[in-house]
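Listed below, chain by chain, are the residues.
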Amino acid sequence: QVQLVESGGGLVQAGGSLNLSCVASGRAVFSDYGMAWFRQAPWKNREFVAAISWGGYTTYGDSAEGRFTISRDNAKNTVYLQMNSLKPEDTALYYCAADSAGRRRTDQTEYDYWGQGTQVTVSS
């Protein structure tokens, strides 16, 4: 079992930056897990943002490519999402997810554990 807790969201002006964190806890070995960020805006489906495999390989969604960076610190059981050049359309609830198979999948159904989310609001 893995528990995930996100933090770092908030209100920021367009063009600004935020760094989201997700801390994992539980009996599982964090370094074995693939980790990802998804987001969900009001009235929209949940959308893939970025993922990182157990080995550190990364994949980005179209909306994140070139602006966001996912990274992990296995010693701290933490995955990060550095978001730069934020736009109002980035406004959403951002979720952290864990894949016990260690992959960097884009399909949310592949993930075993989810956090409660952290709200990101970008004003114009």
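About the cut-offs
Residues numbered from 1 in each chain as written. Predicted model: local features only at pLDDT ≥ 70, side-chain atom pairs only at ≥ 80, totals over all residues. Heavy atoms only, no water. Helix = DSSP H or I, 4+ residues; strand = E, 2+ residues; numbered from the N terminus. Buried < 20%, exposed > 50% of the residue type's maximum accessible area, 1.4 Å probe, protein only. Contact = heavy atoms within 4.5 Å. Phe/Tyr/Trp six-rings, centres within 6.5 Å; stacked < 30°, edge-to-face > 60°. Lys NZ or Arg CZ within 6 Å of the ring centre and 35° of its normal.

This paragraph deals with the environment of D32. Tracing the backbone shows D32 in the loop between β3 (18–26) and β4 (34–40). A residue is classified by how much of its surface remains accessible, and D32, at 42% relative accessible area, is partly exposed. The residues contacting D32, other than those within four sequence positions of it, are W54, D99, S100, A101 and G102.

Despite not being glycine, N77 has its phi angle at roughly 55°, a positive value. Here N77 shows up in the loop between β7 (68–73) and β8 (78–83). The backbone of S85 shows a phi angle near 50°, a positive value even though the residue is not glycine. With respect to the helices, strands and loops of the structure, S85 is situated in the loop between β8 and β9 (92–99). The partly exposed category is assigned to S85, whose relative accessible area is 42%.

So, on to the packing of aromatic side chains. Overall, the coordinates contain 6 aromatic pairs when judged by the stated rule. Considering the side-chain rings of F38 and Y111, the 5.5 Å spacing of their centres and the 75° angle between planes classify their relative orientation as edge-to-face. In this pair, F38 sits in strand β4 while Y111 sits in the loop between β9 and β10 (113–114), placing the two residues 73 residues apart along the sequence. Judged by centre distance (6.3 Å) and plane angle (70°), the ring pair of Y111 and W114 falls under edge-to-face. When its relative accessible area of 6% is taken as the criterion, Y111 is described as buried. Through a chain of ring-to-ring contacts, the aromatic side chains of F38, F48, Y95, Y111 and W114 assemble into a single cluster. The residue whose ring lies beneath R46 is Y95, and the NZ or CZ to ring-centre distance is 4.2 Å. Lying over the aromatic face of F30, R72 brings its terminal NZ or CZ to 4.7 Å of the ring centre.

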